[in-house]
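Geometric and topological summary
If you want the building blocks of each chain, they are given just below.
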2 protein chains.
Amino acid sequence: MCDRLDETFISREDKFQGKIVSLHVDRVRLPNGAEATREVVDHGGGVAVLPLDKENNVLAVRQYRYVFGKTILEIPAGKLDPGEDPAAGGLRELLEETGAVPEIYQPMGHILPSPGCYGETLYLFLARGLTMHSQHLDPDEFLQVERVPFDEMVHRCLTGEIEDAKTVAAVLKAKLLLEI
Amino acid sequence: MCDRLDETFISREDKFQGKIVSLHVDRVRLPNGAEATREVVDHGGGVAVLPLDKENNVLAVRQYRYVFGKTILEIPAGKLDPGEDPAAGGLRELLEETGAVPEIYQPMGHILPSPGCYGETLYLFLARGLTMHSQHLDPDEFLQVERVPFDEMVHRCLTGEIEDAKTVAAVLKAKLLLEI
C-alpha cells in the first residue's frame, strides 16, 4: 500500500478530434517515479432526466445505439452544449425527446460513467408534474417514448434488463430517495 | 415518432489504436435514408465487484483517476483480459486489488457506462464471506483499500459523494436486492 496516489503530467499527444469526443495520450509520472501512458477520451459532459408522470410512469426513450447494434431503453439524456448549465440542459433534452415540461425538477447528483479513461461527467435530475408539449428531435435523432410504471423500471434495473448505467443510477436513486 | 430506429453501416475510418481503447468513425445510414457519422470508442469490457465483509463493510478502493485529476472511491474493478470470463475476471481483480477471496459470489447483471459512443460493457458481481490474502497490484497501479460500512456507502451514493457509476449501480442494486 502506498501513501501517495497522484500522477503528474509530463507530455501530451493529441490523437483525434471529433464532434462528440476527442482523444489524447499523456505521459505521466507515477507515485513511485516511474513513467506510464494514460489514454484519455475527452467528452463535454452530459445530462439525464428521470421524468415521472402523475401515475408514476417513467417516460423512457427507446433508441438505437449504434455502438451495440441494438435498441435499448434509457431515460431522456444528451450531451451538454458548450458552457450550458446542466439543469437547463436537462430541461432542454427532456422537452426535445419527450415534449414534457416539469413542474417539480430536482438534482440527483452526477456520475462519472467510466472514470478510468472516459472524461464524461453526467448530471442526473428528477422531473415530476409533467405538462406535455411536442417533441423537437434533432434531424439525426430517432427514438420512441415508452411509458413504463416506475416499479417495473426498478424491477428491470434489478434483473439487469435495463443496461444503461445512467438509467440504473437515476431509477435506483429515486427509488431509495422517494420511497415510491 | 418513427417506426424504424436502426442505423446501418456504410464505411469505416480507423482513427486510434491504444492499449485500453481504440477509436473509429463510421458513416451510417439513418432510418430516414440520410447519412450521418458515428464516433465509436472500442473497449474490451470491464468487471467490478462489490465485496462485503462479515460486518457488512464494503472493501472500497481509493484510486487516482488521471482523467479527473483527483482520487475517487470505487469498488474493485478492472479491464477484462482478452477472452476472459467476466466472473473469473472479477475474482482476479478482487484478489489483485484487495487480497480478498469470497465464499459467496453472485452476478448482479451488467451495465453499459455510456452507450452513445463508448463500447464498454461492465459486469457487476457481489462477493461475501471474504478470506483475506495479500494484494497483487500491477506495477503501474496504486490504490488504498478503505473499509466503509455498507449503509454509509448507500448514503454516499444517494448524496452524490460517490461519483463512480459502477459503484452507484452495484451498491444501490445490492441495497434493494439484499435488503441489508
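Placed above this text is the structure.
A few points on the structure. Quick caveat, the model's predicted, so the values are computed rather than measured.

1. Section: the nonpolar core
Membership of the largest hydrophobic core comes to 56 residues, with the highest contact counts inside it found for A:Leu50, A:Leu172, B:Leu50 and B:Leu172. Beyond its immediate sequence surroundings of up to four residues, A:Leu50 is in contact with A:Val58, A:Ile75, A:Met108, A:Phe125, A:Leu126, A:Ala127, A:Phe150, A:Ala170, A:Val171 and A:Ala174. One finds A:Phe16, A:Val21, A:Cys117 and B:Val25 within the second-largest nonpolar core, a separate group that totals 14 residues.

2. Remarks on the relation of the copies chain A and chain B
The operation relating the pair of chain copies consists of a rotation about an axis and a translation along that axis. Mapping chain A onto chain B calls for a rotation angle of 180° and an axial translation of 0.0 Å; the resulting RMSD is 0.0 Å. In the structure described here, the two chain copies are related by an operation that fits a two-fold rotation axis. Among all residues of chain A, the one whose C-alpha sits closest to the rotation axis is A:Pro113, at a distance of 2.5 Å. Most of the interface of chain A is mirrored in chain B: 100% of its interface residues are interface residues there too.

3. Topic: the pairing of strand β9 (residues 122–132) of chain B
Residue and element names in this part refer to chain B. Summarising the sheet, strand β4 (residues 46–52) and β9 pair through 7 bridges and their orientation is parallel. Across the sheet, residue Val49 finds its bridge partner in β9, namely Phe125. Summarising the sheet, strand β8 (residues 100–111) and β9 pair through 9 bridges and their orientation is antiparallel. Its bridge partner being in β9, Pro102 is matched across the sheet by Leu130.

4. What to know about the interface of chain A and chain B
Listed as interface residues are 69 residues of chain A and, on the opposing side, 69 residues of chain B. A combined buried area of about 6,300 Å² lies between chain A and chain B, and 69% of that area is made up of carbon and sulfur atoms. Of all residues in chain A, A:Leu5, A:Tyr66 and A:Phe142 give up the largest surface area on contact with chain B, accounting jointly for 13% of the area buried on that side. For the pair chain A and chain B, the number of links is 20 residue pairs in polar contact (both at pLDDT 80 or more).

5. Re the packing of aromatic side chains
Residue and element names in this part refer to chain B. Summed over the entire model, instances satisfying the criterion amount to 3 aromatic pairs over all chains. Here the aromatic rings of Tyr105 and Phe125 are separated by 5.0 Å at their centres, their planes lie at 10°, and the arrangement is stacked. With Tyr105 in strand β8 and Phe125 in strand β9, this pair connects stretches of sequence that are 20 residues apart. Tyr105 sits in the partly exposed class, given a relative accessible area of 23%. With relative accessibility at 7%, the residue Phe125 sits in the buried group.

6. Describing helix α3 (residues 165–178) of chain B
Because each turn of an α-helix spans 3.6 residues, side chains separated by three or four positions end up pointing in the same direction. All names here are of chain B. Between its first and last C-alpha atoms α3 spans 20 Å; for 14 residues at 1.5 Å apiece the expected length is 20 Å, and the two agree. α3 sits mainly inside the fold: 11 of its 14 residues count as buried. Taken together, the buried positions of α3 are Ala165, Lys166, Thr167, Val168, Ala169, Ala170, Val171, Leu172, Lys173, Ala174 and Leu176.

7. Overview of the sheet that holds strand β3 (residues 35–43) of chain B
Residue and element names in this part refer to chain B. Strand order in the open sheet made by the 3 strands is β1-β2-β3, with antiparallel pairing throughout. Only two strands of the sheet have a single partner each, and these edge strands are β1 (8–17) and β3. Each neighbouring strand pair of the sheet contributes to a mean axis angle of 25°, computed without reference to strand direction. Across 8 bridges, the pairing between β1 and strand β2 (residues 21–29) is antiparallel. Paired with Phe9 across the two strands is Val28, which belongs to β2.

8. What about the pattern of salt bridges?
Residue and element names in this part refer to chain A. With the rule as written, the count across this model stands at 38 salt bridges over all chains. Note that Glu74 is salt-bridged to Arg65, the shortest N-O span being 2.7 Å. Here Arg156 makes a salt bridge to Glu152, at a shortest N to O gap of 2.9 Å. In this pair, Arg156 and Glu152 both sit in helix α2 (residues 150–159), 4 residues apart, roughly one turn of the helix. By relative accessible area, which is 16% here, Arg156 ends up buried. Residue classification places Glu152 among the partly exposed residues on the basis of a relative accessible area of 32%. Here the salt bridges do not stand alone but share partners, grouping Asp81, Glu84, Arg92, Glu93 and Glu96 into one network.

9. Observations concerning helix α1 (residues 86–98) of chain B
Residue and element names in this part refer to chain B. With 13 residues, α1 should cover 18 Å at 1.5 Å per step; its first-to-last C-alpha distance of 18 Å lies within 8% of that length. If you check which residues of α1 are buried, you get Pro86, Gly89, Gly90, Arg92, Glu93, Leu94, Glu96, Glu97 and Thr98. Those residues of α1 hidden inside the fold are in contact with β4, β5 (57–65), β7 (77–79), β8, β9 and β10 (143–149). Positioned one or two residues after α1, Gly99 has a phi angle of 80°, which is positive.

Conventions we followed
Residues numbered from 1 in each chain as written. Chains lettered and ligands numbered in written order. Predicted model: local features only at pLDDT ≥ 70, side-chain atom pairs only at ≥ 80, totals over all residues. Heavy atoms only, no water. Core = buried A, V, L, I, M, F, W, Y, C linked by side-chain atoms within 4.5 Å. Buried < 20%, exposed > 50% of the residue type's maximum accessible area, 1.4 Å probe, protein only. Contact = heavy atoms within 4.5 Å. Least-squares fit on C-alpha atoms with pLDDT ≥ 70 in both. Pairing = 2+ DSSP bridges. Helix = DSSP H or I, 4+ residues; strand = E, 2+ residues; numbered from the N terminus. Buried area = accessible area lost by both parts, 1.4 Å probe. Polar contact = N/O pair within 3.5 Å; in protein donor to acceptor, adjacent residues only side chain to side chain. Phe/Tyr/Trp six-rings, centres within 6.5 Å; stacked < 30°, edge-to-face > 60°. Expected span 1.5 Å × (residues − 1). Axes fitted to C-alpha atoms, helices over the stretch in contact; angles between N-to-C directions. Salt bridge = Lys/Arg side-chain N within 4 Å of Asp/Glu carboxyl O.

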